[in-house]
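Summary of the model geometry
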Amino acid sequence: MRAEDVLSAPSLKYRRILLKLSGEALQGAAGFGIDPQTVDRFAGQIGAIADSGCQVAIVIGAGNIYRGRELTRAGVERVTADQVGMLATIMNCLVMQDALERLDMQARVMSAVEVNEICEDYIRRRAIRHLEKQRIVLFAAGIGNPFFTTDTAAGLRAVEVGAELLIKATRVDGVYSGDPEQDSAARRFSSLSYDQILDQRLGVMDTTAIVLCRDHGIPLRVLDMNRPHALLRAVQGSDEGTLVYAGEAPAA
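Position labels on residues start from 1 in each chain and follow its written sequence. Residue-level local features of this predicted model are given only where pLDDT is at least 70; pairs of side-chain atoms are given and counted only at 80 or more, and the full residue set underlies all totals for whole chains, interfaces and linings. Side-chain numbers come from the whole structure's heavy atoms, not from hydrogens or water.

1. What to know about the packing of aromatic side chains
Stated formally: Planes of paired rings set the category: under 30 degrees apart is stacked, over 60 is edge-to-face and the rest tilted, where pairs are Phe, Tyr or Trp rings (Trp by its six-membered ring) whose centres lie within 6.5 Å. Labels follow the DSSP assignment, with helices taken as runs of H or I lasting at least four residues and strands as runs of E lasting at least two, numbered in each case from the N terminus. Classification of residues uses two cut-offs on accessible area relative to the type maximum, computed with a 1.4 Å probe and protein chains only: under 20% is buried, over 50% is exposed, and between them is partly exposed. In this scheme, Lys NZ or Arg CZ marks a charge over a ring once it lies within 6 Å of the ring centre and within 35 degrees of the ring normal.
Tallying each qualifying case throughout the model produces one aromatic pair. A ring pair is formed by Tyr122 and Phe139, whose centres lie 5.4 Å apart and whose planes are at 90°; its orientation type is edge-to-face. Of this pair, Tyr122 sits in the loop between strand E4 (120-121) and helix H5 (124-132) while Phe139 is found in strand E5 (residues 136-140), placing the two residues 17 residues apart along the sequence. The class of Phe139 is buried, set by a relative accessible area of 2%. Between Arg157 and the ring centre of Tyr122, over which it is positioned, the NZ or CZ distance is 3.8 Å. For Arg157, the ring lying beneath its charged end belongs to Phe139, and the centroid distance is 5.9 Å.

2. Section: the environment of Gly178
Note on placement: Gly178 falls in the loop between strand E7 (175-176) and strand E8 (188-189). Residue Gly178 is classed as partly exposed on the basis of its relative accessible area, which comes to 24%. In sequence terms Gly178 and Ile46 are 132 residues apart; their C-alpha atoms lie 29 Å from each other.

Following this line, the structure appears as structure tokens:
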């Protein structure tokens, strides 16, 4: 086991989770591309929660390699730009798969677009079977269609595979009333509802992803991936980052 014997191995609150990682998270301090040390560090954290018995699915964005808005502003058709972004997510997933396998973890990349030479096609039942066998599943290429973000892909895949928690790993330790990097008066929420996020336009994830999770009762936890053991504490039910809930507020 890793992470100090999985923090003394308390029981898990969540047995199956989906982790949404931004592509920017993989670039580390470089500002672009993939930083191997950052990927290895994240793989170690993911491996620790898998070692604890949690079934782990992952969706990774592509902002470290490719920014679609810049291409569309330059005149590239939106559909083409989004297709390029799908391919970039496959690259990120393959690199993360390699890092996990070097830690002796079993990992599978499943793509929403066909690239059979390098990874599996996404098939829901097969993905669930991989998870049941304690294989880490990386969902690549979004949902396979243009005009939808990887946030939406994370929400959709979480619903499809029956995830008990969606974790969005960011650079800040939760959801704030404003941008904490620009507004020193911004306050962090310990918890709030999906409806509050929509009403206050907090911009945690895109609206489609928020509505998917709200309507299917999947809680969301927003946390700082760079905090040691943050992922592990989240799957153990600790008050890490910000909890976003559907319906009534959870009991204290």
